[in-house]
Amino acid sequence: MVTAFLDRIGIDLPIIQAPMAGVQGSALAVAVSNCGGLGSLPCAMLTGAQIRAEVAAIRAATSKPFNVNFFCHTPPEPDAVREAAWLAALLPYYEELEVDPSTIPTGPGRAPFTSEVADLLEEIRPPVVSFHFGLPSDELLARVKATGAFVLSSATTVEEAVWLEARGADAVIAQGVEAGGHRGMFLTEDISTQVGTMALVSQAVDAVKVPVIAAGGIADHRGVRAALGLGAAAVQIGTAYLLCPEATTSRVHRAALRGAGARDTVLTRLFSGRPARGIVNRLIREIGAMNEVAPEFPLASLALAPLRSKAESLGFGDFSPLWSGENASGCAEIPAAELTRRLAGVGSKQIASA
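Notes on the structure follow. Computed from a predicted structure; not experimentally measured.

**Overview of the overall build of the protein chain**
1) Next: For the protein chain, the count of helices and strands is 13 helices and eleven strands.
2) Next: Relative to the globule expectation of 20 Å for 354 residues, the C-alpha radius of gyration of the protein chain, 19 Å, shows essentially globular dimensions.
3) Next: By principal-axis analysis of the C-alpha atoms, the protein chain measures approximately 60 × 45 × 40 Å.
4) Next: Out of the 354 residues in the protein chain, the part that is buried amounts to 55%.

**Some points on the packing of helix H2 (residues 26–34) against helix H3 (residues 48–61)**
1) Next: Where H2 contacts H3, the two axes come as close as 9 Å, and the packing angle between them is 30 degrees. Viewed along their axes, H2 and H3 form a crossing whose handedness is right-handed. Along its contact with H2, which presents Ser 26, Ala 29, Val 30 and Asn 34, the element H3 presents Glu 54, Ala 57, Ile 58 and Ala 61.
2) Next: Its residues assigned to classes, the contact of H2 with H3 shows five nonpolar, two polar and one charged.

**Here we look at the nonpolar core**
1) Next: Residues Phe 5, Val 68, Phe 70, Phe 113, Leu 121, Phe 131 and Tyr 241 are the most contacted members of the largest nonpolar core, which totals 88 residues.
2) Next: When near neighbours in sequence (up to four residues on either side) are disregarded, Phe 5 contacts Ile 16, Phe 150, Ala 171, Pro 211, Ile 213, Ala 233 and Ala 234.
3) Next: Listed in part, the 23 residues of the second largest apolar core include Tyr 93, Leu 304, Leu 307 and Ala 311.

**Let's talk about helix H9 (residues 221–229)**
1) Next: Buried within H9 are the following residues: Gly 223, Val 224, Ala 227 and Leu 228. End-on, the buried residues of H9 take up no more than an arc of 135 degrees, which puts them together on one face. For H9, exposure combined with an orientation more than 90 degrees from the buried face picks out Arg 222 and Gly 229.
2) Next: Along its buried surface, H9 packs onto helix H1 (2–9), strand S1 (15–17), helix H8 (197–207), strand S8 (212–215), strand S9 (234–237) and helix H13 (336–344).
3) Next: A positive backbone phi angle near 110 degrees is found at Gly 231, which sits one or two residues after H9.

**Focus on the pairing of strand S2 (residues 39–42)**
1) Next: Of the two faces of S2, both are covered, the one formed by Gly 39 and Leu 41 as well as the one formed by Ser 40 and Pro 42.
2) Next: In the sheet, S2 pairs with strand S3 (residues 66–71) via four bridges, with the strands oriented parallel. If you follow Pro 42 over to S3, its bridge partner there is Asn 69.
3) Next: With H3 bridging S2 and its parallel neighbour S3, the resulting β-α-β unit is right-handed.

**As for the sheet that holds strand S10 (residues 265–268)**
1) Next: The strand order S7-S11-S10 describes an open sheet built from three strands, whose pairing is antiparallel. Only two strands of the sheet have a single neighbouring strand rather than two, namely strand S7 (181–182) and S10.
2) Next: Bridge analysis of S7 against strand S11 (residues 276–279) gives two bridges, and the strand direction is antiparallel. Bridge pairing in S11 places Gly 181 opposite Arg 277.

Each value, and the rule that gives it
Residues numbered from 1 in each chain as written. Predicted model: local features only at pLDDT ≥ 70, side-chain atom pairs only at ≥ 80, totals over all residues. Heavy atoms only, no water. Helix = DSSP H or I, 4+ residues; strand = E, 2+ residues; numbered from the N terminus. Rg over C-alpha atoms; globule rule 2.2 N^0.38 Å. Buried < 20%, exposed > 50% of the residue type's maximum accessible area, 1.4 Å probe, protein only. Axes fitted to C-alpha atoms, helices over the stretch in contact; angles between N-to-C directions. Left-handed = near helix turned anticlockwise from the far one by under 90°. Contact = heavy atoms within 4.5 Å. Nonpolar A, V, L, I, M, F, W, Y, C, P; charged D, E, K, R; others polar. Core = buried A, V, L, I, M, F, W, Y, C linked by side-chain atoms within 4.5 Å. Arc of directions from axis to C-beta. Pairing = 2+ DSSP bridges. Right-handed = clockwise from strand over helix to strand, strands pointing away.

In structure tokens:
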């Protein structure tokens, strides 16, 4: 399965760099792809022009395959009452930091996959396209697959893995509860359904015929080998790359990852409105990680933006989404190519039989 998957994608190492919006651009994707893994570009927060420019930058720096990633959420209806309650909860922090609430930005924040983005993909034709929060409509997915792209999507339960396979995903990313950043859950909002990576991988491998990619809490070659031993075709890793020089991880985020507090992570909906795993900070401790006062995804992030900006300028991550998986021990301040080879353990497809 590993060798067949690598051959199908056209990569040498069973390592996929997780797309991580806000902490990376094309440079990280290029570094991972050039050394034989699959680099990824997060596109949910980019405009069409930005996607086009970033893909052009990738292609100018590598001839290897790469992945572009999109969200498939349904934008929520505006809820003035809930947004007012959220602002009221945050108002003491605005006063403390002497920030003007009128500076709160407007707009959608993170945009879902649309027909306009499908138009763009038909133009730029990336080799791999991945989705989070399910898949786009049958019509849009058919257009993506007609470009020849290999399609990945995240599953957090066996039921989601089966759903993705039935609707056309070419491979399933089994995202264990240990993973940093947003949960890819889309068939349920019940976080009690979320299980560990190894438990999910073994069950998903038995439940679907498409390749399964392990994600969540894997930080070194031992974890990679364990996942492959359970039948995964590859491993997707994000947190370990956050300290690499090619990442754009903020100063306060880097400091948090280096500290002992990186071992204290939790699922929280405060920073975006959807469950996501990050390092516990002041906002989480004082408001509560899953407090329902935060508006629906992705609107919660808007009112936090001015607070985050001011606090980070002072050197604090009190209001920042310090995304991290449960195992930050693999974070290393080394080039991404070196980290990728270290994770793979050997420099070729021999890992499939190692």
